[in-house]
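Descriptive structure summary
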Amino acid sequence: MIIGTAKSKGLHGKEPNLSHGEHHHPHARTAGRRLLWVILFNAIITLTEYVAGLLSGSLALVSDAGHNFSDVLALILGYAGEKVVERQPTARYSFGLRRAEVLIALVNALSLVAIGAYVVIEAVDRFRNPAEIDAGILLPVALVGLFGNLFSVLILRRDRNRNLNLRAAFLHLAFDTLSSIAVVGVGVVLLFQPWVWLDLVVSLLIVVMMVWGSIGVINESLRVILQAAPSGLDPEKVHEAILAVPNVREAHGLHVWSVNSNEVFLSCHVCVSNGDATDTDQVIVAINKALEESFGIRHTTVQVETANLCRHRNGAGCCP
Ligand SMILES: [Zn+2]
Ligand SMILES: [Zn+2]
Ligand SMILES: [Zn+2]
């Protein structure tokens, strides 16, 4: 029903650290308690749906339960993870555990894909050997699931504009309501028609929706883990911005990466004119200012060179 931990959903958030102000917000604690209730509530509904799915023989209910299971997991890990992630860095763990957010999101997205594969295999099997579905069990439980969704939408509605993560969670929830309506629809139809295939069609639709959402999260987490430059940031433009700083003749060894969804790091070497005329501190200050203003990059390591301290891979000296 609801995904996104504040953390895992933040993968799509481009604005740096929007959630930060949250901790000083007077209502943040109430929001945290509301979130706990949503977690508990959704966990109960997930379990009910799964058991009822097995009892009634409805695969649509089982796959909806699978999706909800991963949502609940995301919420719990996000809730607990937030405490871990904000632990103070140590000398050894100098980044703290901030990247744990990305690992959690990746594990969760992969588990959704696994659940999706299970449902597809099961659907193929049932397509070959159609079994009966007890609409008398399916319909009431599907209705409970739908009301659970609507209830969560109402609870989170108040907080949805607080930050990007909560907004993403709210949108996800609204989207989940659609799949709940589809499962209720299956129950209603099965009361009147023995169209067991409809159950399979709806379960496959739910799988498509789940996997579709997971692929984006998997891509983004792999990008962070493989230290690629953030998707919303063009490394060429960053390079140009550094070159545009007065007294910078050349820039090389540029690395831009992020530790989690919103903290970007940068390191590079720049060549400045030789001699006392160039104040290297001024160059560093100017580069940092440009990087923060244009790209929101605040963690930088800039090595200033006046001579050929390092060589490019082709053997040419780096400073012209
Ligand atoms: Zn969901
Ligand atoms: Zn310093
Ligand atoms: Zn260099």
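This text goes with the structure placed above it.
The notes below deal with the structure included here. (Residues numbered from 1 in each chain as written. Chains lettered and ligands numbered in written order. Predicted model: local features only at pLDDT ≥ 70, side-chain atom pairs only at ≥ 80, totals over all residues. Heavy atoms only, no water.)

**A few points about the overall build of the chain**
What the chain contains, in helices and strands, is nine helices and three strands. Listing every helix and strand of the chain by position from the N terminus yields α-α-α-α-α-α-α-α-β-β-α-β. A total of 320 residues make up the chain; the buried ones form 46% of that total. A total accessible area of about 16,800 Å² is found for the chain, and carbon and sulfur atoms account for 63% of it. (Helix = DSSP H or I, 4+ residues; strand = E, 2+ residues; numbered from the N terminus. Buried < 20%, exposed > 50% of the residue type's maximum accessible area, 1.4 Å probe, protein only. Areas by Shrake-Rupley, 256 points an atom, 1.4 Å probe, with all protein chains shown as cover.)

**A look at the packing of helix α8 (residues 235–243) against helix α9 (residues 280–295)**
Closest axis-to-axis distance for the α8/α9 pair is 9 Å, and the angle between their directions is 145°. Seen along the crossing, α8 lies across α9 with a hand that is right-handed. Of α9, the residues touching α8 (which contributes Lys237, Val238, Ala241 and Ile242) are Ile287, Leu291 and Phe295. (Axes fitted to C-alpha atoms, helices over the stretch in contact; angles between N-to-C directions. Left-handed = near helix turned anticlockwise from the far one by under 90°. Contact = heavy atoms within 4.5 Å.)

**Notes on the sheet that holds strand β3 (residues 299–305)**
Strand order in the open sheet formed by three strands is β1-β2-β3, and the pairing between neighbours is mixed. Lying at the two open borders of the sheet, with one neighbouring strand each, are β1 (248–258) and β3. Pairwise comparison of adjacent strand axes, ignoring direction, gives a mean angle of 15° for this sheet. As judged from the eight bridges shared by β1 and strand β2 (residues 264–272), these two strands associate in the antiparallel manner. Bridge assignment links glutamate 250 to a residue of β2, and that residue is cysteine 271. Those strands touched by α9 are β1, β2 and β3, and its axis lies near 145° from that of β3. (Pairing = 2+ DSSP bridges.)

**As for the nonpolar core**
In this structure, Leu61, Leu138 and Val183 are the most contacted members of the largest nonpolar core, which totals 26 residues. If you list the elements that add at least two residues to this core, you get α3 (59–85), α4 (100–128), α5 (135–157), α6 (164–192) and α7 (196–225). Ignoring any residue separated from it by four or fewer positions in sequence, one finds leucine 138 in contact with Ser56, Ser58, Leu61, Ile133, Val183, Val186, Gly187 and Leu190. Val245, Val256, Val270 and Val283 belong to the second largest nonpolar core, which has 18 residues in total. (Core = buried A, V, L, I, M, F, W, Y, C linked by side-chain atoms within 4.5 Å.)

**Side note on a nonpolar patch on the surface**
A cluster of nonpolar side chains, namely Leu47, Tyr50, Val51, Leu54 and Leu55, defines an oily patch on the protein surface of about 510 Å² accessible area. Tracing the backbone through its elements, the reader meets valine 51 in helix α2 (residues 28–56). (Patch = residues over 30% accessible without salt bridge, like charges linked within 9 Å, V, L, I, M, F, W, Y side chains within 5 Å. Salt bridge = Lys/Arg side-chain N within 4 Å of Asp/Glu carboxyl O.)

**Describing the packing of aromatic side chains**
Scanning the entire structure with this criterion turns up four aromatic pairs. Here phenylalanine 41 and phenylalanine 151 contribute two aromatic rings whose centre-to-centre distance is 4.7 Å and whose plane-to-plane angle is 55°, an arrangement assigned as tilted. Of the two residues, phenylalanine 41 is situated in helix α2 and phenylalanine 151 in helix α5; the sequence distance between them amounts to 110 residues. Owing to a relative accessible area of 28%, phenylalanine 41 belongs among the partly exposed residues under this scheme. Residue phenylalanine 151 is classed as partly exposed on the basis of its relative accessible area, which comes to 38%. (Phe/Tyr/Trp six-rings, centres within 6.5 Å; stacked < 30°, edge-to-face > 60°.)

**Looking at α4**
Over its 29 residues, α4 extends 43 Å from the first C-alpha to the last, a length consistent with the 42 Å expected when each residue adds 1.5 Å. The set of residues buried in α4 consists of Glu101, Val102, Ala105, Leu106, Asn108, Ala109, Leu112, Ile115, Gly116, Val119, Ala123 and Arg126. (Expected span 1.5 Å × (residues − 1).)

**Some thoughts on the pattern of salt bridges**
Here the idea is simple: oppositely charged side chains can pair when their charged atoms come close. For the structure shown, the criterion picks out six salt bridges. For glutamate 293, the salt bridge goes to lysine 289, with nearest N and O atoms at 3.5 Å. Of this pair, glutamate 293 and lysine 289 both sit in helix α9, four residues apart, roughly one helical turn. Across the pair, lysine 289 and glutamate 293 agree in class, each one exposed.

**Focus: α7**
Spanning 30 residues, α7 covers 43 Å between terminal C-alpha atoms, matching the ideal 44 Å at 1.5 Å per step. Glutamine 227 sits one or two residues past α7 and shows a positive phi near 60°.

**Digging into the side chain of serine 56**
Examined against the element boundaries, serine 56 turns out to sit in helix α2. Setting aside anything within four residues of it in sequence, one finds serine 56 in contact with Leu61, Glu132, Ile133, Asp134, Ile137 and Leu138.

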